[in-house]
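What follows is each chain in one-letter form.
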Amino acid sequence: MTRQKSEDIVVPDGGRKVVGSGGPFAHRRGKGVPVNQQDGQLRLPFATAENATERSEASTNSTGVGLPTIPRGAVPKAKDKKEIAHPATMEGVISGLQDAFEKVALNDGAPGPDGLSVKAVRKHLPTLLPTLSAALLEGSYVPGDIRRVWIPKANGGQRGLGIPNVVDRMVQEATRAVLEPLWEPTFHPSSHGFRPNRSCHTAITEARQHIEEGYEWVVDMDVEKFFDKVHHQRLMARVSTRITDRRLLVLIGAMLKAAVVLPDGVHVTTEEGVPQGGPLSPLLANIVLDELDQELAQRGHRFVRYADDCNIYVRTERAGQRVMESVSGFISKRLRLKVNAEKSAVSRTGERHFLGFRVAVSAKGKTKVLLSARSKERIKASIRERTPRNWGCTLKACILKVNAYLRGWMGFFGICDGEVRTMQALDAHIRRRLRAILLTQWKGGPTIVRNLIRRGMRRKTAWAAVYSGRRKVWDLSQQAAVEQALPNKFFAKE
């Protein structure tokens, strides 16, 4: 049986259903028939789907030098699977719309295809909520289009993000709130992506624990275009195992099939994948990949997964090759996804990039969390962008901009405990770029000489530093005499 293509051009037919019967959102239109008339289109073979087995396996950092560290045992444990969660119903979604809007407003994202901002939606929220609630109950709500934007990736490619309308984001967030309690307690503890009380830091902590126990080889697996290739029928089959309200199932199916508006204005339908960018997408992605987690746990593997990046830890390279072949087959045959051969490999843990870090084992057998080569290149590129030679504002404004970025960067990468020299080199590089900005703003050689003399440099030394040879600003910024005239205290005052 041949599979359909994921995207087909939609021919406008003018027969779109209006969401609601009036008010400020009467102009929002969706594609296709109302939700309550899509039963025949979305009917799925639920009876033939495999029931998800509920397993969990509890998982179990050396301190850094002057840098924040994660305490040992920081990996959260799974909740008791016997915890009773309320059933997910459409009424539950409606009751959470107000709270869902506040969470969407907190993010203050960009408008969707309808052009309505969070502020504009808030103005009409009192009249919108009753209309939206009635549309959800009667099944006439139709999700709007999703605006596709492209953002650059570290490897030079582009990542496609989907931006739904603010109202649709509100409905997705309310749906996520009623679905999450059904799945979160049964997700495997080695899954760290898009989950409460978990982060990249907890993932690195668990990876470090596996390596310290002797599992120094890693099977680094990356699913190719995961968010674009999720099989809708398999996803809905798994969702239906815990949701009995068919209205909610049809709503989720309609969200998955929402049309995408490309940057050139072309509308395309989506037959597979989950739109990366909506509040509901991370939970649906974890529901899909939880089947992989449970399979790895059943086989007894030690692994850490963050979204579609999965690292499996083994003792030998030969074992890693066997695991790579076996798990790749499971992903392609069972999940109907494909492993990215270019990004996946079996290697020593210190040679692989995971979430911006690499965990290496020293000659003495101790583990260290280090920056990956990619992260080092990113920070250098980011500093270059924020300290251009032709900076047109004051030096103080540039320093404030750089510091704001560095605070966020250190909040994420501060768990590294073996990068003191790298941090020192980065600090020296930033100060040299600041000196270059200042020298450029001083413009001509005589002005530079006068300013250097004013800051304590001897006249003869200043003239020699500026005019001994045809020195460019970048070369002049690393002169020892200039460094002494523009010390660290000078930039601290700025």
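The structure we're discussing is the one just above.
Keep in mind that what you see is a predicted model, and the values were worked out from it rather than measured.

### A closer look at the packing of helix α14 (residues 395–413) against helix α15 (residues 420–442)
- At a closest axis distance of 11 Å, the pairing of α14 and α15 adopts a crossing angle of 160°. Classed by the angle they form, the pair α14 and α15 counts as roughly antiparallel. Note that α14 runs across α15; the crossing there is right-handed. Along the contact surface, α14 presents Leu395, Cys398, Ile399, Val402, Leu406, Trp409 and Met410, while α15 presents Met423, Ile430, Leu434, Ile437 and Leu438.
- Across the contact of α14 with α15, the residue classes break down as 12 nonpolar, no polar and no charged.

### Topic: the environment of valine 359
- Tracing the backbone through its elements, the reader meets valine 359 in strand β10 (residues 357–361).
- Along the backbone, valine 359 and threonine 205 are 154 residues apart, and their C-alpha atoms lie at a distance of 9.7 Å.

### Considering unusual backbone geometry
- You will see that aspartate 108, though not glycine, has its phi angle at about 50°, which is positive.
- The exposed category is assigned to aspartate 108, whose relative accessible area is 55%.
- A positive phi angle, near 60°, is found at asparagine 197, a position not held by glycine.
- With respect to the element layout, asparagine 197 can be found in the loop between α6 (166–183) and α7 (200–212).

### With respect to helix α17 (residues 459–467)
- All of the buried residues in α17 are Ala462, Ala465 and Val466. Projected onto a plane normal to the axis of α17, the buried residues spread over an arc of 90° and lie on a single side.
- Tucked inside the fold, the buried residues of α17 contact α16 (445–454) and α18 (473–476).

### A short note on the packing of α16 against α17
- Where α16 contacts α17, the axes come no closer than 9 Å and their chain directions differ by 145°. In this structure, α16 meets α17 at a crossing whose hand is right-handed. Residue-level inspection shows Gly445, Pro446, Ile448, Val449, Leu452 and Ile453 of α16 in contact with α17, the latter providing Arg459, Ala462, Trp463, Val466 and Tyr467.

### Some remarks on the packing of aromatic side chains
- All told, the structure shown has 6 aromatic pairs when counted by the stated rule.
- Ring geometry for phenylalanine 357 against phenylalanine 413: centres 5.2 Å apart, planes inclined by 50°, an arrangement best described as tilted. Taken together, the positions of phenylalanine 357 in strand β10 and phenylalanine 413 in helix α14 put the pair 56 residues apart, joining distant regions of the chain. For the pair formed by phenylalanine 357 and phenylalanine 413, the shared burial category is buried.
- Their ring planes at 85° and their centres at 4.8 Å tell us that phenylalanine 412 and phenylalanine 413 sit as a pair that is edge-to-face.
- A relative accessible area of 10% places phenylalanine 413 in the buried class.
- Aromatic ring contacts, followed pair by pair, group Phe357, Trp409, Phe412 and Phe413 into a single cluster.
- Seen from the ring of tyrosine 405, arginine 386 lies directly overhead, with NZ or CZ sitting 4.0 Å from the centre.

How each quantity is defined
- Residues numbered from 1 in each chain as written.
- Predicted model: local features only at pLDDT ≥ 70, side-chain atom pairs only at ≥ 80, totals over all residues.
- Heavy atoms only, no water.
- Axes fitted to C-alpha atoms, helices over the stretch in contact; angles between N-to-C directions.
- Helix = DSSP H or I, 4+ residues; strand = E, 2+ residues; numbered from the N terminus.
- Parallel < 35°, antiparallel > 145°, perpendicular 65-115°, else oblique.
- Left-handed = near helix turned anticlockwise from the far one by under 90°.
- Contact = heavy atoms within 4.5 Å.
- Nonpolar A, V, L, I, M, F, W, Y, C, P; charged D, E, K, R; others polar.
- Buried < 20%, exposed > 50% of the residue type's maximum accessible area, 1.4 Å probe, protein only.
- Arc of directions from axis to C-beta.
- Phe/Tyr/Trp six-rings, centres within 6.5 Å; stacked < 30°, edge-to-face > 60°.
- Lys NZ or Arg CZ within 6 Å of the ring centre and 35° of its normal.

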